[in-house]
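# Geometric and topological summary
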Amino acid sequence: MKRYVLRRVLLAVPTLFLVSVMVFALMRFMPGDVATRMVEGHAYAPTLAALRHDLGLDRPVHTQYLDWIGGIVLRGDFGHSYWTRQPILDEFGRRFPVTLELALLTILVSVVLGVVIGIVSAARQDSAADYLGRVLAILALSVPYFGLAVLVVVLPSIYFKWTPVWTYVAFTVDPLENLKIMLVPALVFGVTRAGPVMRIMRSALLDVLRQDYIRTAWSKGLAERPIILRHALKNAMIPVISLIGLQMPLYIGGSVIIESIFRLPGVGLFFFEALTRLDYPVVQSVNLIIAAMVVGLNLLIDLSYAFLDPRIRY
Amino acid sequence: MRPSWTRAFGMRRLALAPEAAGGAAALSLPARVGPRARPWWLDVWVRMLTGKPLGAVGGAIVLVMLAAAVLADWIAPYGFAQTSLRERFIVASAAHWLGTDELGRDLLTRLIYGARISLYVGFGAIAIGSVLATAIGVVSGYLGGRFDLLVQRGVDAWMAFPPLLLLLSIMSLLGPSVWNITVVLGIAFGIQNSRVVRGVALLVKEHSFVESARALGAGHLRTTLTHILPNVVPTIIVVATTGLSTVILTEASLSFLGLGVPPPYPTWGGMLSLAGLDHMYRAPWLAIWPAVALSLAVFGFNMLGDALRDLLDPRLKGG
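Residues numbered from 1 in each chain as written. Chains lettered and ligands numbered in written order. Predicted model: local features only at pLDDT ≥ 70, side-chain atom pairs only at ≥ 80, totals over all residues.

Turning to the overall build of chain A, a few remarks are in order. Helix and strand content of chain A: 12 helices and 0 strands. The helix and strand sequence of chain A, counted from the amino end, reads α-α-α-α-α-α-α-α-α-α-α-α. Here chain A holds 314 residues, and the buried ones make up 36% of them. For chain A, restricting intrachain contacts to residue pairs at least 6 apart in sequence, the fraction spanning at least 24 positions comes to 71%. (Helix = DSSP H or I, 4+ residues; strand = E, 2+ residues; numbered from the N terminus. Buried ≥ 20, exposed ≤ 12 C-beta atoms within 10 Å, placed from the backbone. Contact = placed C-beta atoms within 7 Å.)

Below is the structure:
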């Protein structure tokens, strides 16, 4: 187990190195110049050359890269935003809880919906409930979450005079108010993500229910509820968990859109604003931090299999 | 077509008296051709119609979309950028079935042209992506060793990014354009799916017919082209059909954020976009119809892709 974790962590190092090179190269070798944009907007410096020098853009590319990556590895310094001059890590730390809360609530919604409907669908295969569940899952798969989000923002405000709450309140300040704000975005995002969860849950449970140990459980007279919930569900959850792990990047990517529709001050919005302003260091560092999180999360998910299925050992 | 024809002809001739198998018998043949004599590409559709109703519905939606895209210039009632300030924000009328937007542009026209853009980007990206996935996957899988290790770490790095963040980064730097988004989505699709192709190539490589070909003196190029590639093609078809809806949806979400297809062209994602949110409070149909069109398209491609996968994937056969 220890050796496995160590090996995975060591394997992550070259991956993250490549990620950093890729995102850095992307920012530098493509058209679009932040200095011109900054001088156009406001006088950040007397001349273009002075601003370039100030931002360190006049140095050779490899020095710039080493400076950036060196700061991260040696001092844990992820650099400063070009526009606000604020340390990126501080801003990320302030905004991350919002995105994390959104992701967790979204997963909660999609798992609760997907797993419950999936269990009912599998336990009553080919019944009316099963067909209803499957149709709902296909619908959820087809409706794009940003389309649904726009409709949820627009339609109720016209017909019911109801609008989502626009001013964000942190969970630590007022938990109830915060949940009221997060509920709608999480529901919208979660419902559209419940489709794949339900389909995987259904097919995995159907698979498990046909296995010998389930027949044994039936024949020793166990009731349906404990058979499904205690014996079958745990094994059938493995594909569901790996699906959620695979979809984690999707939740983070989707947060860009959800946060900009519902005006939540999360990482997604931070990233998108930096992107439109060509704020290289922010885009680079946020991409790198999130890639590191995705890699770490995949490891955690792989380790969770051992907990769910004792036959799996590392 | 040829092989099944001759096979059917042969079977028929056995059943008949030898001298009766002349021109007349050959003429009446097509009506009597049994299910097994159908060419495989036709057989797939027939089996879909009879056994996969949802797939057939999906196929019908895709056909309608294709027709709209191809015939847009003839069936669209107006020009897609044709404004008419006197007819702004019409809900629905005889002249504008689905209403008009803030510039008096006809919504139905824009939806029809939007289908063209969606399909153009979708098919273009899938074509580029399939070629790329095949090239990376087959070469990496076939060569193996250090080359494979290196390439796969690159693929790892690419997959560690949340796809939307990476695509947004690239598109914001390249600038929105139909060509850019097609190529970028194609590359993303290609790299992601090269894993799948590589997996199949690794399996095929171990078969003894590959070893025999090598022993007979076939070079690496010939071995990959004539022995590995044909065995990878079914996988690519499956990956491509199921990937279409994802690509179309991704294009829509990039256009939604203003980084996909630039404004003069109508796209479903762009029509829903944040930029137009203020107008939607006044005219909700501006949000409803593009959302419906997009959902229908994704539904159609999903169902068609699922059904095609069931029918084409050799691993799922007989299930």
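This next bit is on the overall build of chain B. Each helix and strand counted, chain B has 14 helices and 0 strands in total. Helices (α) and strands (β) of chain B occur, in sequence order from the N terminus, as α-α-α-α-α-α-α-α-α-α-α-α-α-α. When burial is assessed residue by residue, chain B has 41% of its 319 residues classed as buried. Long-range contacts, defined here as pairs at least 24 residues apart, represent 68% of the contacts in chain B between residues at least 6 apart.

So, about the interface of chain A and chain B. Contact residues are listed per partner, giving 40 residues for chain A and 35 residues for chain B. Counted by class, the side of chain A that touches chain B contains 30 nonpolar, 10 polar and no charged residues. (Nonpolar A, V, L, I, M, F, W, Y, C, P; charged D, E, K, R; others polar.)

As a further point, take the nonpolar core. Soluble globular proteins tend to bury their nonpolar side chains together. Within the largest apolar cluster, 160 residues are counted, with the highest numbers of intra-cluster contacts made by Val-150, Val-197, Met-201, Val-240 and Phe-271 of chain A together with Leu-167 and Leu-168 of chain B. The element that contributes the greatest number of residues to this core is helix H6 (residues 107–143) of chain B, accounting for 16 residues. Residues in contact with Leu-168 of chain B, not counting those within four places in the same chain, are Val-256 and Leu-275 of chain A together with Leu-257 and Leu-259 of chain B. (Core = buried A, V, L, I, M, F, W, Y, C linked by C-beta atoms within 7 Å.)

The next thing to look at is the confidence of the model for chain B. All names here are of chain B. Chain-level pLDDT for chain B is 79 on average; 86% of the residues reach the 70-or-more range. Put simply, helix H1 (residues 2–15) is where chain B has its lowest mean pLDDT, 40, and H6 is where it has its highest, 91. Considering only residues more than four positions removed or in separate chains, one finds that residues 1–33, a stretch of pLDDT under 50, has 18 contacts. (pLDDT = per-residue confidence, 0-100.)

The next point concerns the packing of helix H10 (residues 224–262) of chain A against helix H12 (residues 280–308) of chain A. All names here are of chain A. Running from N to C, H10 and H12 point in directions that differ by 175°, and their axes come no closer than 10 Å. Classified by the angle between their axes, H10 and H12 sit roughly antiparallel to one another. Residue-level contacts link Lys-234, Met-237, Ile-238, Ile-241, Ser-242, Gly-245, Met-248, Pro-249 and Ile-252 of H10 to Ile-290, Val-294, Leu-297, Asn-298, Ile-301, Ser-304, Tyr-305 and Leu-308 of H12. Its residues assigned to classes, the contact of H10 with H12 shows 12 nonpolar, 4 polar and 1 charged. (Axes fitted to C-alpha atoms, helices over the stretch in contact; angles between N-to-C directions. Parallel < 35°, antiparallel > 145°, perpendicular 65-115°, else oblique.)

Residues and elements named next belong to chain B. Across its 12 residues, helix H8 (residues 163–174) extends 16 Å between first and last C-alpha, which sits within 8% of the 16 Å expected from 1.5 Å per residue. Along H8, 10 of the 12 residues are buried, which leaves the element largely enclosed by surrounding structure. Restricting attention to buried positions, one finds in H8 the residues Leu-164, Leu-165, Leu-166, Leu-167, Leu-168, Ser-169, Ile-170, Met-171, Ser-172 and Leu-173. Within two residues after H8, Gly-175 carries a phi angle of roughly 90°, on the positive side. (Expected span 1.5 Å × (residues − 1).)

Let us now look at the packing of helix H11 (residues 267–276) of chain A against H12 of chain A. Residue and element names in this part refer to chain A. Two elements in contact, H11 and H12, have axes separated by 8 Å at closest approach and are oriented at 145°. For H11 against H12, the interelement crossing comes out left-handed. Where H11 approaches H12, its residues Val-267, Phe-270, Phe-271, Ala-274 and Leu-275 are matched on the opposing element by Val-282, Val-283 and Val-286. Of the residues belonging to the contact of H11 with H12, the class tally is 8 nonpolar, no polar and no charged. (Left-handed = near helix turned anticlockwise from the far one by under 90°.)

Let us now look at helix H7 (residues 145–160) of chain B. Compared with the 22 Å implied by 1.5 Å per residue over 16 residues, the 23 Å span of H7 of chain B between its first and last C-alpha is a close match. Listed as buried for H7 of chain B are Ala-157, Trp-158, Met-159 and Ala-160 of chain B. Tucked into the core, H7 of chain B has its buried residues touching helix H1 (2–28) and H12 of chain A together with helix H9 (178–205) of chain B.

The next thing to look at is unusual backbone geometry. All names here are of chain A. Within the chain, Asp-126 stands out as a residue other than glycine whose phi angle is a positive 65°. Within the chain, Arg-263 stands out as a residue other than glycine whose phi angle is a positive 55°. Structurally, the position occupied by Arg-263 is in the loop between H10 and H11. Note on Arg-263: 16 C-beta atoms within 10 Å, which makes it partly exposed.

Turning our eyes to something else, we now look at the environment of Pro-87 of chain A. Residue and element names in this part refer to chain A. Within the fold, Pro-87 resides in the loop between helix H4 (61–75) and helix H5 (88–123). Assessed through the 15 C-beta atoms surrounding it within 10 Å, Pro-87 is described here as partly exposed. Considering only alpha carbons, one finds Pro-87 and Val-282, 195 residues apart in sequence, at a separation of 9.3 Å.

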